[in-house]
Amino acid sequence: MSVDLSLDQFEHNGCAVLSCRGEIDLSTAPRLHGALWKLIDGNVGNTVIIDCDGVTSMDHTGLGLLVGAMGRATSRSVTLEFVINSTWLRDLFANTKLDQIVTIRTRLTRSG
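Everything numeric in this text was worked out from a predicted model, so none of it was measured. (Residues numbered from 1 in each chain as written. Predicted model: local features only at pLDDT ≥ 70, side-chain atom pairs only at ≥ 80, totals over all residues. Heavy atoms only, no water.)

Participant: How should I be thinking about the side chain of Ser19 in this particular structure?
Facilitator: With respect to the secondary-structure elements, Ser19 resides in strand 2 (residues 15-24). Those residues within four positions of Ser19 in sequence are excluded, and the remaining contacts are Ser6, Leu7, Asp8, Phe10 and Asp51. (Helix = DSSP H or I, 4+ residues; strand = E, 2+ residues; numbered from the N terminus. Contact = heavy atoms within 4.5 Å.)

In structure tokens:
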């Protein structure tokens, strides 16, 4: 049984942030999809940060959703960045080569 996914949207240093806490899987993906697409569509030409520090697990559905979000962001000139500190999620991004096409940060503080 899936743990619920908590989503919190806020602004940080001029960037829209979507903070995710819990599991991203088949049962929670529709909520994340709706929130993320709305955030991307509302921030054309800007940066959107997905804070994954509170994510406890992610299945292939969640990973596919993030890949789709990258495509949507690109088509709308949105820079998509991720905050990831957990080793397992960094490894997942590395194993799927996603870490080569997106910016991964360890915290929300942005340089420059």
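Participant: What exactly am I supposed to notice about helix 2 (residues 60-75) here?
Facilitator: For an α-helix the count is 3.6 residues per turn, leaving residues at separations of three or four pointing the same way. In this model helix 2 runs 23 Å from its N-terminal to its C-terminal C-alpha over 16 residues, within 8% of the 22 Å that 1.5 Å per residue would give. Here the buried face of helix 2 lies against strand 2, helix 1 (29-41), strand 3 (47-58), strand 4 (79-83) and helix 3 (87-95). If you check the start of helix 2, you find a side-chain oxygen 2.9 Å away from the backbone N of Thr61, and it comes from Asp59. (Expected span 1.5 Å × (residues − 1). Polar contact = N/O pair within 3.5 Å; in protein donor to acceptor, adjacent residues only side chain to side chain.)

Participant: Help me understand the packing of aromatic side chains, please; the structure alone is not making it clear to me.
Facilitator: Each aromatic ring pair is specified by the distance between its two centres and by the angle formed by the two planes. Enumeration over the complete set of coordinates arrives at 1 aromatic pair. Pairing Phe82 with Phe93 gives two aromatic rings, centres 5.2 Å apart and planes at 65°, and the pair type is edge-to-face. Separated by 11 residues along the polypeptide, Phe82 in strand 4 and Phe93 in helix 3 bring together distant segments of the chain. Judged by its relative accessible area of 0%, Phe82 falls in the buried class. The exposure class assigned to Phe93 is buried, which follows from its relative accessible area of 0%. (Phe/Tyr/Trp six-rings, centres within 6.5 Å; stacked < 30°, edge-to-face > 60°. Buried < 20%, exposed > 50% of the residue type's maximum accessible area, 1.4 Å probe, protein only.)

Participant: Please explain the packing of helix 1 against helix 2 as it appears in this structure.
Facilitator: Packed helices, taken two at a time, are described by the angle their axes make and the gap between the axes. Contact geometry of helix 1 with helix 2 gives a least axis separation of 10 Å together with a crossing angle of 15°. With respect to their mutual orientation, helix 1 and helix 2 come out roughly parallel. Remark: the crossing between helix 1 and helix 2 carries right-handed chirality. Across from Ala29, Leu32, His33, Leu36, Trp37, Ile40 and Asp41 in helix 1, the residues of helix 2 making contact are Thr61, Leu65, Leu66, Gly68, Ala69, Arg72 and Ala73. Its residues placed into classes, the contact of helix 1 with helix 2 shows 9 nonpolar, 3 polar and 2 charged. (Axes fitted to C-alpha atoms, helices over the stretch in contact; angles between N-to-C directions. Parallel < 35°, antiparallel > 145°, perpendicular 65-115°, else oblique. Left-handed = near helix turned anticlockwise from the far one by under 90°. Nonpolar A, V, L, I, M, F, W, Y, C, P; charged D, E, K, R; others polar.)

Participant: Please explain the nonpolar core as it appears in this structure.
Facilitator: Counting residues in each nonpolar core, the largest one holds 30 residues, and the members touching the most others are Leu36, Ile50, Leu66, Leu80, Phe82 and Phe93. Only strand 2, helix 1, strand 3, helix 2, strand 4 and helix 3 provide two or more residues apiece to this core. Discounting chain neighbours no more than four positions away, the residues touching Phe82 are Ile50, Cys52, Leu66, Met70, Phe93, Val102, Thr103, Ile104 and Arg105. Within the second largest apolar cluster, 5 residues are counted, among which are Cys15, Ile49, Val83 and Leu108. (Core = buried A, V, L, I, M, F, W, Y, C linked by side-chain atoms within 4.5 Å.)

Participant: How should the sheet that holds strand 3 be read in this particular structure?
Facilitator: Sheet strands pair via backbone hydrogen bonds, and the direction of the pair is either parallel or antiparallel. Spatially, 5 strands are ordered 1-2-3-4-5 in an open sheet, and the strand pairing comes out mixed. Both outer strands of the open sheet, strand 1 (6-12) and strand 5 (103-105), are each paired with one neighbouring strand and no more. Across this sheet, the average inter-strand angle for adjacent strands is 25°, counted without regard to direction. Where strand 1 lies against strand 2, 7 bridges are found, and the strand directions are antiparallel. Paired with Phe10 across the strands is Val17, a residue of strand 2. Contacting strand 3, strand 4 and strand 5, helix 3 crosses the sheet at an angle of about 115° to strand 3. (Pairing = 2+ DSSP bridges.)

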